[in-house]
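Structure at a glance
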Amino acid sequence: MGKKHAMTCVSVLLAAMHAGASHSALGWRATRVSTPSLRASIICCGEKVCLYNQQADFGAARVSGSLSVAAGSTLALDGANGLVLYQRNEFSYVFVTPDPIPSAPGASIFAVPPTDLVAGLVLNWKGERVGGAAAHATSAPNRAAYGSLLQQKERVSPRASLLTGITAIDVLAPLGRGQSMLVIGPEDPSTSDLCIDLLVAQKGTDVATVYVAMRPEDEMVRIAERAGCVAVSSSTEGSFIASVGAAMALAEKARDDGRHCCVVVDDLQPLRSLWKFMQHTERKMYTEKGIDDFPAIAESAVRDDASGSELRTFYAAILERAGVRAAAAGGGSITLLVVARKPSMYVDAPDSAAFPLEAFDSAVYPKATLERLRLLSQGGVKLTAAVLAKLAISSPGSHASGGMLDARKHIDECISLADGHLVLDERLVRASAKPPIDVRESLSRIGLGKAVNLRSTPMAAAIRQLAPRLRLELAVASDVPTGATMTDADRRTFAWRAVLQQQSGEPRSLAQTVFALFCARNGFFDALHSVRSLDEASAQAYAIVGALVQAQPDVAARIRGDYELSAEDERGLRASLATLATVPAAQR
C-alpha cells in the first residue's frame, strides 16, 4: 500500500485514552474518522498505518498486509514515539509518549538499561533513575522488556521457600521461590501494605526485590528505602504497563545472572483498562456501518462471553515470567506477586438484614444470578450481606454491583494461570483480622498432585512438621469464639488465630513463627482465650516467644527452611517454657 493511497482511501479508527478521563465511562474514547478530516497524524511505514492523538496517552495502530508489529516494538511517530503494548486482531495497541523510548542496539524494540537491583533505587518506566539510591553504571547492552519466556526444558519446579515474614502466609499459603501468586484484596491500603511487608522481610537475604506501582515518585522513594527494593514509578496507565515490562526485564537479567528476585506488580487495574479499551475499540468498529476498508472482525472476538482464551493469553504474557531456572541453564528465579483489587461487596447494613428480590437490578445482575437468588429465596434462605458474600454476589447498592462481574472475570483468568492466590476478605478487615486472609479461599498450588517423594513444597520444613493441616482446621472452624462455654477445640482455635495475628510493618523471623506454632500446638497458648482481643492475645503470645528465643538461641539459630525440630529441640523448648513466668501456670 503506497503512502498516497493510505492517506486518501483508508478509513481509520481514532482510539485514545485521555489522562483525566472518568473510569465510569471506561476512561476511553473511540471515534471513527476519515483521513481528509484528521486532526491527528498518520505515519505510513511500508504496510503500516498508525493513527494517534498527540495529547493522548494511548492509541491504536492498524497493521495491514503481512507486517507484524508485536508487543515491545517501538514506533517513530510525528512529534512523538509509540510503544506497542499488545497486538490483537488487526491492531497493535500503542502507548504514546513525547519522550524517546530506549531500545535494543540495532532494533526497534523497547529495552531498558541493565541496571543492577540496588536497594532504595527508584526508576521510571524507561529504567532511568528518578530518585533514591544511586544506580550502578554498567557497560552491558540494554535488556529487551518483552523478551522470550523461559522454555520448559530450562525450568524446574520451585523447591525452596521464600519466607515472607508474615506468619499467616508462611503457614497457610506459603510462597516458593519462582512461584507466581495473585493477591486479591479490597480497595483499601491493606492489600498494598501486605505486599510491601513481604518485600521488607527480604532485606538482608539473597532475594532482590522490585516494586511496580502507579504512585508519586516521592512516595515510591519512601517505599524503596523502607523495603530495600527497586521501585519502578509511573503516573499513567499506559506508562504503568510499560513499567511492568521494564521491571520484568530487570528481574530477568538478575535471574540470568543466577540471582533470585521477587517482583510485586501493584495492581491489575491498568491491564484491565487496556483490555476494556481493546474490546470497546473493536466492538465499535465491528458494529458501526460503513466501515468497508477494515476486514470484518469476528463477532466472537469482541463478545464479553467469548474471549476467555484470549484474555488468558493476555495475562499469561506477565504471569508466566515467574519461574525457577534450572541449575544447568544458569540458575536463578523470579517470584511474582500481582495485586488484583475488587470493588466492595458490602453496604452499610446490619448483617441480619435481608435484601428483597426486587433490590437486585436486572440491568446489573446476570439472569443466571437472578434465577439463583430466586430459588434461594423460595427455599427460605434470607439474602443477607453475609450470605451474598459466601456466594460471591455483591450486595445491592454496593460499589461492586456495577463492576464485580468484570473484575471477577479478569481475576478468575489470573487464578487459573498463577501458582496460588491469597484472598484478603473485606469482612475480616472490618473485624480487625491482621492480615485479613480468607483461609478457605487462599491456597498455594505448588506441589499439589505430586508423589510425596517428588513433591515440591514451598512450606518450611518445621512449619510443615508442626501445622501440616492448620489451613483445613481453620477453614472448618466457626467464627472466633468468645464466652465462658468454650470447648477445648475452641480454645485451641483461638490460640492458632492469635499466632497468625500480626500487625503491619512487623515481619517475623522463621524461628519466631516456629516457636509460636510449637507453643500453640502443645497447648501453651490455650489460656489466651480469656484475653478476648486477638491483638492483645497475639502480643502476649509473642512476648512468650521472644523470651523463648532468648532462652533457646541455639535452636533458634538452627531453624532454616529445610530444618525440622528434633526430639532434643522439643525437650529443650518444653524445659524453657516450664520456667517462664509469662506462661500461665496451668499451661506449663
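Please read all numbers here as calculations on a predicted model, not as lab measurements.

Summarising the model, the chain shows a mean pLDDT of 79, and 75% of its residues fall at 70 or more. Low confidence marks residues 289–296, where pLDDT is under 50. Its contacts with residues over four positions away, or in another chain, come to 17 contacts. With pLDDT under 50 throughout, residues 448–456 is counted as low confidence; its partners more than four residues away or in other chains account for 10 contacts.

Right, let's get into the pairing of strand S19 (residues 333–342). Of all 10 residues making up S19, 10 are buried, and the element is well covered by its neighbours. The two faces of S19 match: Ser333, Thr335, Leu337, Val339 and Arg341 on one face and Ile334, Leu336, Val338, Ala340 and Lys342 on the other face are all buried. Taken together, the 7 bridges between strand S14 (residues 180–186) and S19 define a ladder with parallel strand orientation. For Ile184, the partnering residue across the bridge sits in S19 and is Ala340. Here 7 bridges tie strand S17 (residues 260–266) to S19, and the two strands are oriented parallel to one another. Across the sheet, Val264 pairs through a bridge with Leu337, a residue of S19.

Right, let's get into the pattern of salt bridges. The final tally for this structure, using the stated rule, is 21 salt bridges. Residues Glu219 and Arg215 are paired through a salt bridge, measuring 2.4 Å at the closest nitrogen-oxygen approach. Two residues, Lys434 and Asp535, come together in a salt bridge whose shortest N-O distance is 3.0 Å. With Lys434 in the loop between helix H11 (426–430) and strand S21 (443–444) and Asp535 in helix H16 (residues 534–551), this pair connects stretches of sequence that are 101 residues apart. Exposure remark for Lys434: the relative accessible area of 27% places this residue in the partly exposed category.

On to helix H3 (residues 189–200). Count 3.6 residues to each turn of an α-helix, and residues three or four apart come out pointing the same way. With 12 residues, H3 ought to run about 16 Å at 1.5 Å a step, and its terminal C-alpha atoms sit 16 Å apart, in line with that. Taking burial as the measure, the 12 residues of H3 include 10 buried ones, the bulk of the element. Within H3 the residues assigned to the buried category are Ser190, Thr191, Ser192, Leu194, Cys195, Ile196, Asp197, Leu198, Leu199 and Val200.

Asp267 follows Asp266 through a cis peptide bond whose omega is 25°. Here Asp267 lies in the loop between S17 and helix H6 (269–287). Pro435 follows Lys434 through a cis peptide bond whose omega is -10°. If you trace the backbone, Pro435 turns up in the loop between H11 and S21.

A few words now on the nonpolar core. Of all hydrophobic cores here, the largest spans 77 residues; its most connected members are Tyr211, Val514, Phe515 and Phe525. Here this core takes 9 residues from helix H15 (residues 510–521), the largest share from any one element. Membership of the second largest hydrophobic core comes to 58 residues, among which are Val210, Phe277, Phe314 and Ala322.

Attention now goes to the pairing of strand S20 (residues 420–423). Side chains Gly420 and Leu422 of S20 all project onto a buried face; the interleaved residues His421 and Val423 project onto the opposite face, where all are buried too. Here S14 runs beside S20; their pairing, made up of 3 bridges, is parallel. Each residue of the ladder has a partner; that of Val183, found in S20, is Leu422. Where S20 meets S21, 2 bridges bridge the pair, whose relative direction is antiparallel. Bridge assignment links His421 to a residue of S21, and that residue is Leu443.

Glancing now at the packing of aromatic side chains. Applying the stated criterion across every chain yields a total of 6 aromatic pairs. Ring plane angle 80° and centroid distance 5.1 Å describe the contact between Phe95 and Trp125, whose orientation is recorded as edge-to-face. With Phe95 in strand S8 (residues 91–97) and Trp125 in the loop between strand S10 (121–123) and strand S11 (129–132), this pair connects stretches of sequence that are 30 residues apart. Owing to a relative accessible area of 3%, Phe95 belongs among the buried residues under this scheme. Relative to Phe314, the ring of Trp275 lies with its centre 5.4 Å away and its plane at 50°, an arrangement referred to as tilted. Linking Trp275 in helix H6 with Phe314 in helix H7 (residues 308–319), this pair joins segments that are 39 residues apart in sequence. Judged by its relative accessible area of 6%, Phe314 is buried. Feature note: the residues Tyr86, Trp275, Phe314 and Tyr315 constitute an aromatic cluster, connected by ring pairs.

A few words on the state of the cysteines. Cysteine pairs can be covalently joined through their sulfur atoms, and such a bond is termed a disulfide. Tallying each qualifying case throughout the model produces 0 disulfides. Cysteine Cys195 is unpaired, with the sulfur of Cys262 as its nearest cysteine sulfur at 8.7 Å. Free cysteine Cys262: the closest other cysteine sulfur is in Cys261, separated by 7.1 Å.

The next subject is the side chain of Ser243. The topology assignment puts Ser243 in helix H5 (residues 237–256). Apart from residues lying up to four places away in sequence, Ser243 is in contact with Trp125, Val212, Val232, Ser233 and Ser234.

On to helix H4 (residues 217–227), then. For H4, the full list of buried residues reads Met220, Val221, Ile223, Ala224 and Ala227. The buried residues of H4 occupy one face: seen down the axis, they fall within an arc of 165°. Facing away from the buried side of H4 by more than 90 degrees, the exposed set consists of Arg222 and Glu225. Phi turns positive, to about 65°, at Gly228, one or two residues after H4.

What follows covers the packing of H15 against helix H18 (residues 567–579). Between H15 and H18, the shortest axis-to-axis distance is 12 Å and the interhelical angle comes to 75°. On the basis of their axis angle, the class for H15 and H18 is roughly perpendicular. Counting all contacts with H15, which are made through Phe515, Phe518 and Cys519, the residues of H18 involved are Glu570, Leu573, Arg574 and Leu577. The residue inventory of the contact of H15 with H18, partitioned by class, reads 5 nonpolar, no polar and 2 charged.

Once that is clear, we can look at the environment of Arg374. Mapping Arg374 onto the fold places it in helix H8 (residues 367–378). The sequence separation of Arg374 and Leu357 amounts to 17 residues, and the corresponding C-alpha distance is 7.0 Å.

The next thing to look at is the packing of helix H14 (residues 488–500) against H15. Following both chains from N to C, one finds H14 and H15 inclined at 170°, their axes separated by 9 Å at the closest point. In terms of their interaxial angle, H14 and H15 are classed as roughly antiparallel. Contacts between H14 and H15 pair Arg492, Trp496 and Val499 from the former with Ala516, Leu517, Ala520 and Arg521 from the latter. Residues of the contact of H14 with H15, tallied by class, amount to 5 nonpolar, no polar and 2 charged.

Thresholds applied
- Residues numbered from 1 in each chain as written.
- Predicted model: local features only at pLDDT ≥ 70, side-chain atom pairs only at ≥ 80, totals over all residues.
- Heavy atoms only, no water.
- pLDDT = per-residue confidence, 0-100.
- Contact = heavy atoms within 4.5 Å.
- Buried < 20%, exposed > 50% of the residue type's maximum accessible area, 1.4 Å probe, protein only.
- Helix = DSSP H or I, 4+ residues; strand = E, 2+ residues; numbered from the N terminus.
- Pairing = 2+ DSSP bridges.
- Salt bridge = Lys/Arg side-chain N within 4 Å of Asp/Glu carboxyl O.
- Expected span 1.5 Å × (residues − 1).
- Core = buried A, V, L, I, M, F, W, Y, C linked by side-chain atoms within 4.5 Å.
- Phe/Tyr/Trp six-rings, centres within 6.5 Å; stacked < 30°, edge-to-face > 60°.
- Disulfide = S-S within 2.5 Å.
- Arc of directions from axis to C-beta.
- Axes fitted to C-alpha atoms, helices over the stretch in contact; angles between N-to-C directions.
- Parallel < 35°, antiparallel > 145°, perpendicular 65-115°, else oblique.
- Nonpolar A, V, L, I, M, F, W, Y, C, P; charged D, E, K, R; others polar.

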